[in-house]
Amino acid sequence: MRAFSLPCIDHRPGWLPEAVAANLFAQLRVGVPWETHHIRMFGRTLAAPRLSCWIGDPGAVYRYCGNRFEPRPWPPAVARLREALEAELGAGFNSVLANLYRDGRDAMGWHRDDEPELGDAPLIASLSLGATRRFLLKAEAGGRHAIDLAAGDLLLMHGESQRRYRHALPRTAKPVGPRINLTFRRILR
Ligand SMILES: O=C(O)CCC(=O)C(=O)O
Ligand SMILES: [Fe+2]
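Residues numbered from 1 in each chain as written. Chains lettered and ligands numbered in written order. Predicted model: local features only at pLDDT ≥ 70, side-chain atom pairs only at ≥ 80, totals over all residues. Heavy atoms only, no water.

1. Here we look at the UniProt feature "binding site: 2-oxoglutarate" (unreviewed entry) in the chain
In step 1: The feature "binding site: 2-oxoglutarate" (unreviewed entry), as given by UniProt, occupies Asn99, Tyr101, His111, His167, Arg179, Thr183 and Arg185 in the numbering adopted here.
In step 2: Among the secondary structure elements, Tyr101 is positioned in strand E8 (residues 95-101).
In step 3: Not counting residues up to four positions away in its chain, the partners in contact with Tyr101 are Arg50, Asp106, Ala107, Met108, Arg133, Leu169, Gly177, Pro178, Arg179 and Asn181.
In step 4: Within the element layout of this structure, His167 appears in strand E14 (residues 165-169).
In step 5: By relative accessible area, His167 is classed as buried at 4%.
In step 6: If we skip the residues at most four places from it in the chain, His167 touches Gly109, Trp110, His111, Arg112, Asp113, Phe135, Leu136, Leu137, Met157 and Gln162. (UniProt positions renumbered as here; feature names shortened; annotations may be inferred. Helix = DSSP H or I, 4+ residues; strand = E, 2+ residues; numbered from the N terminus. Contact = heavy atoms within 4.5 Å. Buried < 20%, exposed > 50% of the residue type's maximum accessible area, 1.4 Å probe, protein only.)

2. Considering the side chain of Arg185
In step 1: Within the secondary structure, Arg185 sits in strand E15 (residues 179-185).
In step 2: Residue Arg185 is classed as buried on the basis of its relative accessible area, which comes to 3%.

3. Overview of the site of ligand 1
In step 1: The full set close to ligand 1 counts 13 residues, and Tyr101, Asp113, His167, Arg179 and Arg185 are the nearest of them.
In step 2: Between Tyr101 and ligand 1, the recorded distance is 2.6 Å, taken from a side-chain N or O atom to an oxygen atom.
In step 3: A distance of 3.0 Å separates an oxygen atom of ligand 1 from a polar atom in the side chain of His167.
In step 4: Out of a free accessible area of 290 Å², ligand 1 has 97% covered by protein chains.
In step 5: Those elements that place two or more of their residues in the shell around ligand 1 are E8, strand E9 (108-111), E14 and E15.
In step 6: Among the elements that line the shell around ligand 1, the one with the most residues is E15, at four residues.
In step 7: Across the shell around ligand 1, the residue classes tally to five nonpolar, five polar and three charged. (Near = heavy atom within 4 Å. Polar contact = N/O pair within 3.5 Å; in protein donor to acceptor, adjacent residues only side chain to side chain. Areas by Shrake-Rupley, 256 points an atom, 1.4 Å probe, with all protein chains shown as cover. Nonpolar A, V, L, I, M, F, W, Y, C, P; charged D, E, K, R; others polar.)

4. Looking at the pattern of salt bridges
In step 1: Taken as a whole and judged by the stated rule, the model has 13 salt bridges.
In step 2: Of the charged contacts, one joins Asp57 and Arg82 as a salt bridge, the two residues approaching to 3.2 Å between their closest N and O atoms. Of this pair, Asp57 sits in the loop between strand E5 (51-56) and strand E6 (62-64) while Arg82 is found in helix H2 (residues 76-89), placing the two residues 25 residues apart along the sequence.
In step 3: With its nearest N and O atoms 2.8 Å apart, the salt bridge here joins Arg134 to Asp148. You can see Arg134 sitting in strand E11 (residues 133-139) and its partner Asp148 sitting in strand E12 (residues 144-149), a full 14 residues away along the chain.
In step 4: The exposure class assigned to Asp148 is partly exposed, which follows from its relative accessible area of 26%. (Salt bridge = Lys/Arg side-chain N within 4 Å of Asp/Glu carboxyl O.)

5. Here's the deal with the coordination of the iron ion (ligand 2)
In step 1: Taken together, His111 (NE2), Asp113 (OD), Asp113 (OD) and His167 (NE2) make up the full set of protein donors to the iron ion (ligand 2), lying 2.1 to 2.6 Å away.
In step 2: Note that the iron ion (ligand 2) binds six donor atoms; their angles at the metal cover 50 to 167°, and the shape is irregular.
In step 3: When the donors of the iron ion (ligand 2) are listed by position in the chain, the intervening gaps give H-x1-D-x53-H. With His111 in strand E9 and His167 in strand E14, this pair connects stretches of sequence that are 56 residues apart.
In step 4: Judged by its relative accessible area of 19%, His111 is buried. (Donors = N, O, S within 2.8 Å, 3.2 Å for Na, K, Ca; no water. Tetrahedral: all angles 85-135°; square planar, octahedral: opposite > 155°, others 65-115°.)

6. Some thoughts on the UniProt feature "domain: Fe2OG dioxygenase" (unreviewed entry) in the chain
In step 1: Per the UniProt entry, the sites bearing "domain: Fe2OG dioxygenase" (unreviewed entry) are residues 92-188 in this numbering.
In step 2: Helix and strand shares over residues 92-188 are 4% and 48% respectively, and the end C-alpha atoms of the span are 11 Å apart.

7. Topic: the environment of His158
In step 1: In this structure, His158 sits in the loop between strand E13 (154-157) and helix H3 (161-164).
In step 2: Residue classification places His158 among the partly exposed residues on the basis of a relative accessible area of 32%.
In step 3: The spacing of His158 and Pro7 is 151 residues in sequence and 8.9 Å in space, taken between C-alpha atoms.
In step 4: Discounting chain neighbours no more than four positions away, the residues touching His158 are Cys8, Ile9, Asp10, Pro122 and Leu123.

Here it is, written out as structure tokens:
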């Protein structure tokens, strides 16, 4: 897929070379303490349809959907990625939400990454590893966009992105292997 951009969204296909992405996927698949996060919605608690891990510097506590996550320490490979992203983007990240979509039944529903601790105009750097999955954006001004995110692709959401769009990673009936996504963030304190 060609590089593509929308206001506040920047897709950089092949940001990591294929072999590096494959190696990283294999390491993180076994090296991250994956867990099921629970979402409180409409007075009920549901298991999220994916595995996740909140990684970050001490104190980078993340609150969402009635949960409070203390950060897990940085796996060395993820710490190196943070350094590379910080150097390239000239921005600081103190945390990552890692998600593992085991197969096409795992997904993430429509949402905005607009938790108050991310600040008004967060830069979120999202790295995809493993199977290609379709990422959807729904613009507040109308219109939908789909981006196939492949292993090694970087997707940046910046500026007003979280006000302008909702985003989702829908389920798919196609047979797909596991995918890992890392969203680097900065929690403000
Ligand atoms: O898996 C993805 O590409 C999206 C993940 C996401 O939206 C999030 O972690 O907030
Ligand atoms: Fe998100």
